[in-house]
Amino acid sequence: MRKLAYLAGLLVAGITIVPLLFVVIGGFRTTAQVNANPVGWPSPWVADNYTAILGAPAFWEFLWNSTVIAVIATGLAVALGSMAGFALSRYRFRGREALYGVFTIGLLFPLGVASLPLYLLLRQVGLLENPLGVALPEAAFSLPVTILILRPFMLAIPQEVEDAAILDGASRLGFFWRILLPLSMPALSTVTVLAFVTSWNAYLLPLLVFNDQSHFTLPLGVATFQSQYSQDTARILAFTTLSMVPALGVFVLAERRIVGGLSGSVKG
Amino acid sequence: MRRRLELALLLGPALLLFVGFVLVPIIVAAYYSLYDWQGFGALTDFVGLGNYWDVLGGNVFQGAVGHNLVIVVLSLVVQLPVSVAIALLLNRKLRGRAALRLIVFAPYVLSEATTAVIWLLILQPGGFTDQALTFLGLHGVIHQWLADPQVVLFTLFAVITWKYLGFGIILLLAGLQGIPPELLEAAALDGASAGQAVRRVVLPLLGPTIRIWIFLSVIGSLQVFDIVWIMTLGGPANASTTMATYLIDHGFKRYEFGYGSAVAVVLFIICFAFALVYQRFALRRDTEGAMG
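Residues numbered from 1 in each chain as written. Chains lettered and ligands numbered in written order. Predicted model: local features only at pLDDT ≥ 70, side-chain atom pairs only at ≥ 80, totals over all residues. Heavy atoms only, no water.

K.L.:
Looking at this structure, I do not really get the overall build of chain B. What am I missing?
P.N.:
Looking only at helices and strands, chain B features 13 helices and 0 strands. Walking chain B from its N terminus toward its C terminus, one meets helices and strands in the order α-α-α-α-α-α-α-α-α-α-α-α-α. Principal-axis analysis of the C-alpha atoms places the extent of chain B at approximately 75 × 70 × 30 Å. A burial count over chain B gives 54% of its 292 residues as buried. For chain B, the proportion of contacts with a sequence separation of at least 24, taken over those separated by at least 6, is 68%. For chain B, the distance from the average position of its 17 positive side-chain charges to the average position of its 15 negative side-chain charges is 14 Å. (Helix = DSSP H or I, 4+ residues; strand = E, 2+ residues; numbered from the N terminus. Buried < 20%, exposed > 50% of the residue type's maximum accessible area, 1.4 Å probe, protein only. Contact = heavy atoms within 4.5 Å. Lys, Arg positive; Asp, Glu negative; His and termini not counted. Charge placed at Lys NZ, Arg CZ, Asp CG, Glu CD.)

Here it is, written out as structure tokens:
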């Protein structure tokens, strides 16, 4: 049984990792090498593909654009989501549950469904070719899951903590800022990572909003690069490798948060 | 009075963003869907439900719904058992378990675009996949992975599985951690075999996690877009068209905004109907209203 478990684990790890290794190592070959033998080892190893991409501005532009958009979208989703989560968890008012329901129903709205009127709206208000044209809708689409995770967390903080703060002279908003938010740190970091990854990986919205390549995000840039250089396989391999680095880097750093967030969101 | 002001201050910005960029566009889509409209100029050509009859009666759209359903069913019968089996194996005390989890979960954080490009490169005719199969003596298995209409949908499903399998495994591992080990010890004391313990104790307790996974998987399968769009654009000959690629193709490539909006509404209704039914019959006992 134990041997079987190791075998299965090895098999799964292999299926996961071999395609990634093919891409990373393939980037160290020349296209002539790749064409001559797709599964071969680099011989000799060449770093030209990587240095060419790192030396050209396009890759850094895509990286910068993705970063700007993801930071704005994440900041907005977390800031507005935690404010709304606070109101929906620690205030009693009529229509509270209905309002919470409206936000959570947002989980069912695929971006695709909204894309046509969203595009027209962005055109009308002049947000096409603008990072905000991507960041604002992405923040809006991240709000449901943010609120879904934060609200139960904030609800679970005992009323006595709030009463004590009020007795000590804090206002409701003071309690929110100085006590509730720090106490909510684990949930806040989870929703931050989730919103960031979602925005970082988004493809459809940047595809619709950006025409000018200097505005492209990394996912859009990778897809475009692939179709533009389709004859130069080794270079695409290198570009794809470099585009994976930030995502995998963030993942290794934040693995616990991501996994914790996913399991947390399941338990509701 | 002050309380009201606080509430407005706290809820206002989130509501504004959510209503403006999520709710209003969906309502507006329903409105556009009643017109024959190219996306420019006034909405004058009112066609009522005409677009809907065209969408629902069209062969390509019907095919797209079929493709989405194939992906839904394949996910349930292939990904679910595989994820459960791997999660059960990974839940044991194995050396290198942490590293294994990290590896298995890595594809989930890659963007769909990167995933699609990786697999385009790997699946090139005569490329890595074909060479590897030849090496393993499976030469006969080789197909035109993305150019053969009979095969393309299954190829895309394999890529989707590669990307999302780790997600399911992580969810299930989290669920497994919620099962007290004493229960399994008690089952063993009562003389249950490992297989019986899994069937009678573990799987029932894993029920809520499995039901959430099914929910997310079905909704995701109904909306699949990025990977298909980048790898095949729905081709060849519409053999891999999904509802979402059909929507973007008609809306943004052919400027059929009214028609595309009707597709959007149909897609939304299908997702919403599934969610309501599923909530009513499957999720209710697990999460009280948490999923809307």
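K.L.:
What is the right way to read the overall build of chain A from this model?
P.N.:
Regarding its fold elements, chain A presents 13 helices and 0 strands. Reading the helices (α) and strands (β) of chain A from amino to carboxyl end gives α-α-α-α-α-α-α-α-α-α-α-α-α. Taken along its principal axes, the extent of the C-alpha atoms in chain A is 75 × 60 × 30 Å. The burial tally for chain A puts 54% of its 268 residues in the buried class. Carbon together with sulfur atoms contributes 67% to the accessible area of chain A, which is approximately 11,600 Å² in total. Between the centroid of the 15 positive side chains of chain A and the centroid of its 12 negative side chains there is a distance of 11 Å. (Areas by Shrake-Rupley, 256 points an atom, 1.4 Å probe, with all protein chains shown as cover.)

K.L.:
Could you clarify how one ought to interpret the environment of glycine 137 of chain B in this entry?
P.N.:
Looking at the element boundaries, glycine 137 of chain B is found in the loop between helix H6 (128-135) and helix H7 (152-177). Considering only alpha carbons, one finds glycine 137 of chain B and glycine 126 of chain B, 11 residues apart in sequence, at a separation of 15 Å.

K.L.:
Is there a simple way to think about the pattern of salt bridges in this case?
P.N.:
In a structure, side chains of opposite charge can pair up when their charged atoms sit close to one another. All names here are of chain A. Taken as a whole and judged by the stated rule, the model has 7 salt bridges over all chains. Close ionic contact of glutamate 97 with arginine 96 constitutes a salt bridge, the shortest N to O distance being 3.2 Å. For arginine 96, a relative accessible area of 14% translates into the label buried. When the shortest N-O distance is used, the salt bridge between aspartate 232 and arginine 235 registers 3.6 Å. Look at aspartate 232 and you get partly exposed, because its relative accessible area is 24%. Residues joined by salt bridges that share partners form a network here, namely Arg90, Glu162 and Arg172. (Salt bridge = Lys/Arg side-chain N within 4 Å of Asp/Glu carboxyl O.)

K.L.:
For this particular structure, what's the right way to read the UniProt feature "domain: ABC transmembrane type-1" (unreviewed entry) in chain A?
P.N.:
As recorded in UniProt, the feature "domain: ABC transmembrane type-1" (unreviewed entry) lies at residues 63-254 of chain A. The distance from the first to the last C-alpha atom of residues 63-254 of chain A is 19 Å, and the span holds 80% helix and 0% strand. (UniProt positions renumbered as here; feature names shortened; annotations may be inferred.)

K.L.:
Would you mind showing me how to read the environment of isoleucine 212 of chain B here?
P.N.:
Position of isoleucine 212 of chain B among the secondary structure elements: in helix H10 (residues 207-223). Considering only alpha carbons, one finds isoleucine 212 of chain B and alanine 282 of chain B, 70 residues apart in sequence, at a separation of 9.2 Å.

K.L.:
Even after reading the chapter, I still don't get unusual backbone geometry, so can you show me in this structure?
P.N.:
For the bond running from serine 43 of chain A to proline 44 of chain A, omega is -5°, close enough to zero to count as cis. The step from glycine 235 of chain B to proline 236 of chain B runs through a cis peptide bond, and the omega angle for that step is -10°. Mapping proline 236 of chain B onto the fold places it in the loop between helix H11 (226-231) and helix H12 (243-253). In this structure, asparagine 238 of chain B takes a positive phi of about 65° despite not being glycine.

K.L.:
Can you walk me through the interface of chain B and chain A in this structure?
P.N.:
It is common to give the size of an interface as the accessible area that goes away when the parts come together. With 86 residues of chain B at the interface, the matching set in chain A holds 87 residues. Taken together, the two surfaces of chain B and chain A that pack against each other cover about 7,800 Å², and 82% of this comes from carbon and sulfur. When the area that chain B buries against chain A is broken down by residue, the three leading residues are Leu10, Phe21 and Val109 of chain B, summing to 9%. Taken together, the connections running from chain B to chain A amount to 0 salt bridges. Scanning the region where chain B abuts chain A turns up 7 residue pairs in polar contact (both at pLDDT 80 or more). For the side of chain B that touches chain A, the element with the highest residue contribution is helix H1 (residues 2-32) of chain B, accounting for 21 residues. Within the side of chain B that touches chain A, the residues separate by chemical class into 64 nonpolar, 14 polar and 8 charged. (Buried area = accessible area lost by both parts, 1.4 Å probe. Polar contact = N/O pair within 3.5 Å; in protein donor to acceptor, adjacent residues only side chain to side chain. Nonpolar A, V, L, I, M, F, W, Y, C, P; charged D, E, K, R; others polar.)

K.L.:
I'm lost on the confidence of the model for chain B in this one. Help?
P.N.:
Interpretation of this model should avoid reading the predicted coordinates in detail wherever pLDDT is low. All names here are of chain B. Per-residue pLDDT for chain B averages 89, and the proportion of residues at 70 or more is 97%. Averaged pLDDT values for the elements of chain B fall to 81 in helix H8 (residues 181-189) and rise to 97 in H11. The complex model carries a pTM of 0.91, and its ipTM stands at 0.90. (pLDDT = per-residue confidence, 0-100.)

K.L.:
Please clarify how the packing of helix H4 (residues 97-109) of chain B against H7 of chain B should be interpreted in this entry.
P.N.:
Each pair of packed helices can be summarised by the angle the axes make with each other and by the distance between the axes. All names here are of chain B. Contact geometry of H4 with H7 gives a least axis separation of 7 Å together with a crossing angle of 125°. The angle between H4 and H7 places the two elements in the oblique class. As H4 packs across H7, the resulting crossing turns out to be left-handed. In this structure, H4 contributes Arg101, Val104, Phe105, Pro107, Tyr108 and Val109 to the contact, and H7 contributes Trp162, Lys163, Tyr164, Gly166, Phe167, Ile169, Ile170, Leu173 and Gln177. Broken down by class, the residue content of the contact of H4 with H7 amounts to 11 nonpolar, 2 polar and 2 charged. (Axes fitted to C-alpha atoms, helices over the stretch in contact; angles between N-to-C directions. Parallel < 35°, antiparallel > 145°, perpendicular 65-115°, else oblique. Left-handed = near helix turned anticlockwise from the far one by under 90°.)

K.L.:
Can you help me understand the confidence of the model for chain A in this one?
P.N.:
On average, residues of chain A score 89 in pLDDT, and 96% of them reach the 70 mark or higher. Within chain A, helix H4 (residues 57-90) of chain A carries the highest mean pLDDT (96), whereas helix H13 (residues 233-267) of chain A carries the lowest (79).

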